[in-house]
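Chain residues, written in single-letter form:
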Amino acid sequence: MEKVANEKIEAVWCVYEEAFLKIPYTKQKKFVKSCERAIKLLEQRIARKKKLEPHQILNDMKELHKRAADIGYTVSNKEHRLYSRYKHAMRRLIQLDLSFLEMMAPSSFAEELIQMKGIGQLLREKSLYEIYKDDYMQYLVGQKIEELMEAEPEKQYPEARGMHRHFILHIGATNSGKTYQALQRLKRAYQGIYLGPLRLLALEVYDTMTAAGIPCSMVTGEESIRTPGSFCQASTVEILDLKEVYDIAVIDEAQMIGDENRGSSWTRAILGIRAEEIHVCASPVAEKLLIQMIKRCGDSYEVVHHERNTALEFVPEKYDMNKHVQKGDALITFSKKNVLAIAAALEAKGIRASVIYGNLPPKTRREQVELFAEGINEVVVATDAIGMGINLPIRRIIFMNTIKFDGTKKRRLAAEEIRQIAGRAGRYGFYETGYVQSVMDIDYIGKKLKEPFYPMKKARIGFPEVLLDINMELDEVMEIWENADDTSFYEKVSMAESVKKYRYLRNYRKAAASMEDKKLLLSLITCPFDLGDKEVLRLWLKYCENPMWEMECPRFPVDASLEELESYYKKLDLYHQFAGRMNWMINREELDANREEAQRAIGKLLKEDKQQFEKRCKCCNDPLPWDYPYRICEDCFMLEE
């Protein structure tokens, strides 16, 4: 290996000296025995390295640095007389490090490496080349992320900063009429937009505007209804086009700004929407945070507080589904399987039930809502999707359980989630009082309903495209970005699902073309779809083989079950999303017809035959309670024993 000039050694010596000769004393760390001999052996090992092949040198560099650190600790804290001898050995180690780095990574600069935060600890564990290979790129990403996080996110939207925007904050609990008041103003817009969390809410606003004789379009990630000459648009918040200019905008359920996965869409809307008058509807927990954000933007604001229109009363008595079901009840559970099992158990008793859960297509969900609203179905069984602004004539909310799976783990409901769902009881115009009851954890529900509002402290921000320029695997960049320290005001959304999609795509043998263009790749892996549905995942991978190639609309399945029909509808959603993102020319009539047929078939199954979803013993086929944890009944279990 070539000899490294003395000036290069001198340039890095102070860093090595700090790393190896100024290690604080600790009782837990042991001194090296026979230190003078250990230094001699260290010098011999360093000398031998110069005669080896690169791969042989690399194999032993970590152990060499760790041994040097142990000796340095002994010299600095006990054997001070050996300082000069050890310094000579360290200069040889530096020479080896610099030469090896220059040979293995000619484009690298040792002067930059030694400026890294935590370089001392790293040098005590590995060589300069290993630090360059393992840590330097992550360090650069971290530096760039720190710069981005320090820069005010508001400045990323110069067009909005160039306007004088006025915000009207509608703050109130569920069922306080805040969204209704905001929509009254939207009806007078010349070019307006509604942004909400669910396509069902967008559809509800579309229906409201259309019924009032106001031309309105609806655009969500899954579908669109374009009305010629429309004055406003109802959309999910992710659809917002920041290039458009509006006179009036409504941003609904803005407390979602803190949501781990979707919160950045609300942050983007509030910071970047180009509208003169912006109505923001939110829970009291978000009020202070929203005011801070608006002030940082330099915009004006006013706050309108809304009180509930009906009383809300907690009933501290256990609810029994066999005895206490009444017209107007909403039974809340947290999985589709439980929703269907409860509805089947109710209908077995002659009680007609609507069902609402996340996988339902919008038309089917609307049919279920209308059946309950019109009194044809006496009760509704739903997941927590019901808490997001869906207006139903609910008299009483019943929590069938208080544990939900949040995508990562099972956990108890938080106070704000309980309040959001419970607030749907007692719809104004139908009931003077709403009631809240529970099957289990009665004291817990009562306690959380009374818990004070704790103000939100941080808004979520999304992954910045500027990081795509870094020469690293995209999943690594995303994970480094997500794990970097947050600022006092903003924190980052979770990239876990996008990372998972990236790794599926990277391991897919036909996806090579998609992996080259990082901007395209980011668009592919942030395309929302249900990763848990393997059929939809396979279709996504197929589309990612050549994203620019136009594909045929997925064909309608024959003799399909409810799960297969729901999966098919998700495929149609994915097809529509890809068409929009990749500018495919598709047959809209065929897509709409397939959607209509899928929704009709799902609606028919839910309307006519809920008994198929009832839990039954796999041995004797007798009915089981909806929350029974096993697949066979106790009698059959005893017989098997």
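Now for a description of the structure that goes with this document. Here the structure is a predicted model, which is why all the values come from computation and not from measurement.

**With respect to the overall build of the chain**
Secondary structure assignment for the chain yields 23 helices and 18 strands. Considered along the principal axes of its C-alpha atoms, the chain spans approximately 90 × 75 × 55 Å. Out of the 641 residues in the chain, the part that is buried amounts to 51%. For the chain, restricting intrachain contacts to residue pairs at least 6 apart in sequence, the fraction spanning at least 24 positions comes to 74%. Accessible area of the chain: about 31,600 Å², with a carbon and sulfur share of 48%.

**Topic: the pattern of salt bridges**
Summed over all chains, the structure comprises 41 salt bridges. For Arg-185, the salt bridge goes to Glu-277, with nearest N and O atoms at 2.6 Å. One end of the pair, Arg-185, is in helix H9 (residues 178-186); the other, Glu-277, is in strand S7 (residues 274-282), with 92 residues separating them in the sequence. Here Glu-563 and Lys-336 are joined by a salt bridge, their closest N and O atoms 3.9 Å apart. Taken as a pair, Glu-563 in helix H21 (residues 562-582) and Lys-336 in helix H13 (residues 336-348) lie far apart in primary sequence, 227 residues in all. Sharing partners across several salt bridges, the network here consists of Glu-473, Asp-475, Glu-479, Arg-503 and Arg-506.

**Structural notes on the environment of Arg-226**
Its location among the elements puts Arg-226 in the loop between strand S4 (224-225) and strand S5 (232-236). Separated by eleven residues in the primary sequence, Arg-226 and Pro-215 have C-alpha atoms spaced 9.7 Å apart. Sequence-distant contacts of Arg-226, that is, excluding residues within four places in its chain, are made with Ser-217, Val-219 and Gln-233.

**Notes on the layout of surface pockets**
Considered as a void within the structure, the second largest pocket measures approximately 1,000 Å³ in volume. Looking at the second largest pocket, it is lined by 43 residues, and the ones nearest its centre are Thr-174, Asn-175, Ser-176, Gly-177 and Arg-424. Every element with two or more residues in the lining of the second largest pocket is listed here: H9, helix H10 (199-211), strand S9 (311-318), helix H15 (415-422) and helix H16 (442-450). At six residues, the largest contribution of residues to the lining of the second largest pocket is made by H9. Its residues assigned to classes, the lining of the second largest pocket shows 13 nonpolar, 17 polar and 13 charged.

**Topic: the sheet that holds S5**
The strand order across the open sheet formed by eight strands is S4-S3-S5-S2-S6-S7-S1-S8, and the pairing between neighbours is mixed. Each of the sheet's edge strands pairs with one partner strand only, and the pair in question is S4 and strand S8 (300-306). By the bridge criterion, six bridges tie strand S1 (residues 166-172) to S7 in an arrangement that is parallel. By the bridge assignment for S7, Phe-167 is matched with Ile-278. Strands S1, strand S2 (192-196), strand S6 (245-251), S7 and S8 of the sheet are contacted by H9, whose axis makes an angle of about 160° with S7.

**What about the packing of helix H2 (residues 35-49) against helix H4 (residues 83-104)?**
Relative to each other, H2 and H4 sit at 20°, their axes nearing to 10 Å. The angle between H2 and H4 places the two elements in the roughly parallel class. As H2 packs across H4, the resulting crossing turns out to be left-handed. Contacts between H2 and H4 involve Glu-36, Ile-39, Lys-40, Leu-42, Glu-43, Ile-46 and Lys-49 from the first element and Arg-85, Tyr-86, His-88, Ala-89, Arg-92, Leu-93 and Leu-96 from the second.

**Concerning the sheet that holds S9**
Taken in spatial order, the six strands of this open sheet run S9-S16-S13-S10-S12-S11, and their pairing is parallel. Two strands in the sheet have a free side with no partner beyond their single neighbour: S9 and strand S11 (353-356). Ignoring strand direction, the axes of neighbouring strands in this sheet form an average angle of 20°. Taken strand by strand, H15 contacts S9, strand S10 (329-332), strand S13 (396-399) and strand S16 (433-438), and its axis lies near 140° from that of S13. Sitting on the sheet, H16 touches S9, S13 and S16, and the angle it makes with S9 is about 160°.

**A look at the packing of aromatic side chains**
Counted by the stated rule, this structure contains 16 aromatic pairs. Where Phe-31 meets Tyr-73, the ring centres are 5.3 Å apart and the plane angle is 25°; that geometry is what we call stacked. You can see Phe-31 sitting in the loop between helix H1 (6-21) and H2 and its partner Tyr-73 sitting in helix H3 (residues 54-77), a full 42 residues away along the chain. Aromatic side chains Phe-556 and Tyr-568 sit 5.3 Å apart centroid to centroid with 80° between the ring planes, which places their arrangement in the edge-to-face category. Of the two residues, Phe-556 sits in the loop between helix H20 (534-545) and H21 while Tyr-568 sits in helix H21, which places them twelve residues apart along the sequence.

**Some words on the pairing of S7**
Of all nine residues in S7, seven are buried, a share of seventy percent or more. Relative to S7, S6 runs parallel, the two sharing six bridges. Bridge pairing in S7 places Ile-248 opposite Glu-277. The handedness of the S6 to S7 crossover, carried by helix H11 (residues 263-272), is right-handed.

**Considering the environment of Gly-213**
Position of Gly-213 relative to the elements: it lies in the loop between H10 and strand S3 (216-219). Among the residues examined, Gly-213 registers a relative accessible area of 60% and is labelled exposed. For the pair Gly-213 and Asn-59, spaced 154 residues apart in sequence, the C-alpha separation works out to 76 Å.

Quick notes on the rules
Residues numbered from 1 in each chain as written. Predicted model: local features only at pLDDT ≥ 70, side-chain atom pairs only at ≥ 80, totals over all residues. Heavy atoms only, no water. Helix = DSSP H or I, 4+ residues; strand = E, 2+ residues; numbered from the N terminus. Buried < 20%, exposed > 50% of the residue type's maximum accessible area, 1.4 Å probe, protein only. Contact = heavy atoms within 4.5 Å. Areas by Shrake-Rupley, 256 points an atom, 1.4 Å probe, with all protein chains shown as cover. Salt bridge = Lys/Arg side-chain N within 4 Å of Asp/Glu carboxyl O. 1 Å grid on protein atoms, 1.4 Å probe; cavity = no way out; pocket = protein on both sides within 12 Å on 5 of 7 lines; lining within 4 Å. Points joined across faces, edges and corners; volume = space filled by probe spheres on them. Nonpolar A, V, L, I, M, F, W, Y, C, P; charged D, E, K, R; others polar. Pairing = 2+ DSSP bridges. Axes fitted to C-alpha atoms, helices over the stretch in contact; angles between N-to-C directions. Parallel < 35°, antiparallel > 145°, perpendicular 65-115°, else oblique. Left-handed = near helix turned anticlockwise from the far one by under 90°. Phe/Tyr/Trp six-rings, centres within 6.5 Å; stacked < 30°, edge-to-face > 60°. Right-handed = clockwise from strand over helix to strand, strands pointing away.

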